[in-house]
Amino acid sequence: MATATASRGGPVPAATVRTAPRGRRILAGLLVFVAVLVVWEGAKFLGGTPWRAPGAAPVPGSPVLWNPPFRWAFANDLNLPHVWNIALVFLEPWQRGADRNVAQFLFDAALYTWREAALGFALGAGIGLALATIFVHSGLLERALVPYVVASQTVPIIALAPLISYAFGTNVLSVVVIATYLTFFPVTIAMIRGLRSFDPRALELMRSYAASRRSIYLRLRLPASLPYLFTALKIAATASIVGAIIGESPGGIANGLGRVIITYNQYYITGPEKLWAAIIAAGILGVAFYLIVRAVELLALRGRPGAAAG
Amino acid sequence: MTTPTPAIDQPIVRIAAVDKQFSGGDRLVTKALEGIDLEIRKGEFVSLIGPSGCGKSTLLRIVGDLTSPTRGTVTVNGKPADRARRDRDYGIVFQAPVLFDWRTVEDNVKLPLEMLGYDAARRTSRAREMLELMELGDFLRHHPYQLSGGMQQRVAIARALAIEPAILLMDEPFGALDEMTRERMNSEVLRIWQQTGTTVLFVTHSIPEAVFLSSRVVVMSARPGRITKVIDVDLPRPRTEQTRETRRYFEVVTEVREALRAGGGAVDDAGRPAGGGSLDRTIAEGAVG
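What counts as what
- Residues numbered from 1 in each chain as written.
- Chains lettered and ligands numbered in written order.
- Predicted model: local features only at pLDDT ≥ 70, side-chain atom pairs only at ≥ 80, totals over all residues.
- Contact = placed C-beta atoms within 7 Å.
- Helix = DSSP H or I, 4+ residues; strand = E, 2+ residues; numbered from the N terminus.
- Nonpolar A, V, L, I, M, F, W, Y, C, P; charged D, E, K, R; others polar.
- Core = buried A, V, L, I, M, F, W, Y, C linked by C-beta atoms within 7 Å.
- Buried ≥ 20, exposed ≤ 12 C-beta atoms within 10 Å, placed from the backbone.
- Pairing = 2+ DSSP bridges.
- Axes fitted to C-alpha atoms, helices over the stretch in contact; angles between N-to-C directions.
- Parallel < 35°, antiparallel > 145°, perpendicular 65-115°, else oblique.
- Left-handed = near helix turned anticlockwise from the far one by under 90°.
- Arc of directions from axis to C-beta.
- pLDDT = per-residue confidence, 0-100.
- Expected span 1.5 Å × (residues − 1).

1. Things to note about the interface of chain A and chain B
With 23 residues of chain A at the interface, the matching set in chain B holds 33 residues. If you list the elements that add at least two residues to the side of chain A that touches chain B, you get α7 (200-208) and α8 (213-248) of chain A. Looking at which element gives the most residues to the side of chain A that touches chain B, the answer is α7(A), with six residues. Class assignment for the residues of the side of chain A that touches chain B results in 13 nonpolar, four polar and six charged.

2. Some remarks on the nonpolar core
Formed by 83 residues in total, the largest nonpolar core has its most connected members in Val63(B), Ala158(B), Leu169(B), Leu201(B) and Val256(B). Ranked by the residues each element gives to this core, the list is headed by helix α5 (residues 149-161) of chain B, at seven residues. Setting aside anything within four residues of it in sequence, one finds Leu169(B) in contact with Leu60(B), Val63(B), Gly64(B), Tyr90(B), Ile92(B) and Leu201(B). Counting 60 residues, the second largest nonpolar core, distinct from the first, contains Tyr181(A), Leu182(A), Ile189(A) and Phe230(A).

3. Focus: the sheet that holds strand β4 (residues 71-76) of chain B
Residues and elements named next belong to chain B. An order of β2-β1-β4-β5 is seen for the four strands of this open sheet, with the pairing classed as antiparallel. The strands lining the two open edges of the sheet, one partner per strand, are β2 (28-41) and β5 (79-80). When strand β1 (residues 11-24) meets β4, the two strands line up antiparallel, connected through five bridges. Bridge pairing in β4 links Ala16 to Thr73.

4. Some words on the packing of helix α6 (residues 172-194) of chain A against α8(A)
Residue and element names in this part refer to chain A. Viewed as axis vectors pointing N to C, α6 and α8 meet at an angle of 160 degrees, and their least axial separation amounts to 7 Å. Accordingly, the angle class assigned to the pair α6 and α8 is roughly antiparallel. Classified by chirality, the crossing of α8 by α6 is right-handed. Considered class by class, the residues forming the contact of α6 with α8 number 20 nonpolar, eight polar and two charged.

5. A closer look at α7(A)
Every buried residue of α7(A) is listed here: Leu205(A), Met206(A) and Ser208(A). Each buried residue of α7(A) sits inside an arc of 155 degrees when the element is viewed along its axis, so together they form one side. Each element contacted by the buried residues of α7(A) is listed here: α8 of chain A together with α2 (81-86) and β6 (90-93) of chain B. With its phi angle positive at about 50 degrees, Ala210(A) sits one or two positions after the end of α7(A).

6. Observations regarding the sheet that holds strand β8 (residues 199-204) of chain B
Residue and element names in this part refer to chain B. Spatial strand order, β6-β7-β8-β3-β9-β10: six strands in an open sheet with mixed pairing. In this open sheet, the two strands that pair with only one neighbour each are β6 and β10 (227-232). Within this sheet the neighbouring strands show an average axis-to-axis angle of 15 degrees, counted without direction. Taken together, the four bridges between strand β3 (residues 45-49) and strand β9 (residues 216-220) define a ladder with parallel strand orientation. Bridge pairing in β9 places Ile49 opposite Val219. Those strands touched by helix α8 (residues 247-262) are β3, β9 and β10, and its axis lies near 170 degrees from that of β10.

7. Here we look at the packing of helix α5 (residues 157-168) of chain A against α6(A)
Residue and element names in this part refer to chain A. Packing of α5 against α6 brings their axes to within 9 Å, and their N-to-C directions diverge by 140 degrees. By the angle class used here, α5 and α6 are oblique. Remark: the crossing between α5 and α6 carries right-handed chirality. Contact with α5, carried on its side by Ile157, Ala161, Ile164, Ser165 and Phe168, involves Leu173, Ser174, Val177, Ile178 and Leu182 of α6 and no other residues of that element. Grouping the amino acids of the contact of α5 with α6 by side-chain chemistry returns eight nonpolar, two polar and no charged.

8. A closer look at the pairing of strand β7 (residues 167-171) of chain B
Residue and element names in this part refer to chain B. Across the five residues of β7, five count as buried, placing the element largely inside the fold. Strand direction decides the pairing type here: β7 and β8, joined by five bridges, are parallel. By the bridge assignment for β8, Leu168 is matched with Val200.

9. Section: the confidence of the model for chain B
All names here are of chain B. For chain B, mean pLDDT is 86; residues scoring 70 or higher make up 87% of the total. Low pLDDT, under 50, characterises residues 276-289; the stretch is placed with 25 contacts to residues that sit more than four places away or in other chains. Model confidence for the complex is summarised by a pTM of 0.81, with the ipTM given as 0.82.

10. Considerations on α5(A)
Residue and element names in this part refer to chain A. The terminal C-alpha atoms of α5, which comprises 12 residues, lie 15 Å apart, in line with the 16 Å expected from a rise of 1.5 Å per residue. Burial in α5 covers these residues: Ala161, Ile164 and Ser165. Viewed end-on, α5 has its buried residues packed into an arc of 100 degrees, placing them on one side of the element. Among the exposed residues of α5, those oriented more than 90 degrees off its buried face are Ala159, Leu163, Tyr166 and Ala167. Where α5 is buried, its residues touch α6 and α8. Downstream of α5 by a residue or two, Gly169 has a phi angle that is positive, lying close to 95 degrees.

Set out below in structure tokens:
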């Protein structure tokens, strides 16, 4: 009986995209952060208001540490507070006479907003998946309804938010609805593609097993679509937070980041650092949510080629 | 067991007067197949060979009920083709492995077993048995992208055989592989065929491959595909690398090549059937409406 020769064609490494080791990536991120700080203070060094001792509200008449040669409006203390003043404001009481400092206050507000956003995110993801599933199985419904899906997103959320609050009441439900509204769209669009993203012969293969539509969906379409799903979820994560923050003001929510931002905006002149602190908090919240989704993605896409990319 | 079960004389596949037309728009009707009559006996290894576009892949898909004939009938295992498909009488291997890249090698082979409702223990033992048969026992936990093309195709074959199909349909399975790997895979397929006794319908572009593997070679003409000639390959079994060097082998290869030419399929310098059936000729023959 003919036997194969010794070299059976062993496994070959797939072309690997070399991602930098994690240490180097973190270092790169830190360097970018430091670079931003340098540019920031550099602008103030050249054209800001005279530098005084650190402290969120420098006392007028305190000694001037440095007098910049130019005066640029964008670099003054109102528009661009010193980074150390922003850092220091985290430790101040968030309101005159309050017991929590700005950091704790922002953390609580961010968590509150995150819960609304996460709920909207989950609902939006579910609706998006359901819609995409329907569209992939019914070309008629797809052609009929996708234009409306797209049109829904072109109306600015700022205009829609008060309408939603009016309909659902000034409460958390409105905020969740807005977050859902902004989440379902990327998921729908990505999954319409994702649920079809396989070699058509795979469908012939399933047909040769007399597979039911349900079986094809669960064993082929859904697993094939996961990379697309997670791409959409990463977009949706940040979109749901933006939606929650925006939705909080017409929603009359007192405890979220939306209200904090509005308040600090109103009192900007008395403490510009606080608004920046709130912006930083919102940014950290967005990044944290993104990273959570990314962690789940790495788990779900284990073993697939290119799983670690992005 | 090295000799195949003697082919029982009842045909397991009966193709009768099959025509296939594709309509692409109002005017362009492509006649892919015309008047195909063929019987395949149980346990036979039959190759379909012909120039590009002659409809051999279409015929394979008609047998597998992945597309239906415009006219004519196909009977498999005594049933109409669609019932045979629903009874899961087929295994199919394409030119690309078409493995699921989110499943391990073992889980890929388990796919049809899951769909047939085998229990977990039986799924595992059957999948492992098939992968051992293909000599991939060390790669159960690997993912498809970690394997070479030839190995992936072996996984695809293991998967096709997992449910013990009555008929194995193979559509140019080794077309994407290099010549040496291809010859090795030919020997593999023969070994599997002898061990399992499955009936095989094999579509190929390669004359040497068709002759080496088959009990019979069905030569098809250029579009519209008709059967030009059915050649019995009386080379003794088991066939080995030595078989490829015998005079009788070359005689059969020549017979196949001449039948291809007669059917209007040009044969290129490498001795492979080249694109035959130009649209002009088929229009002249009045075959295109």
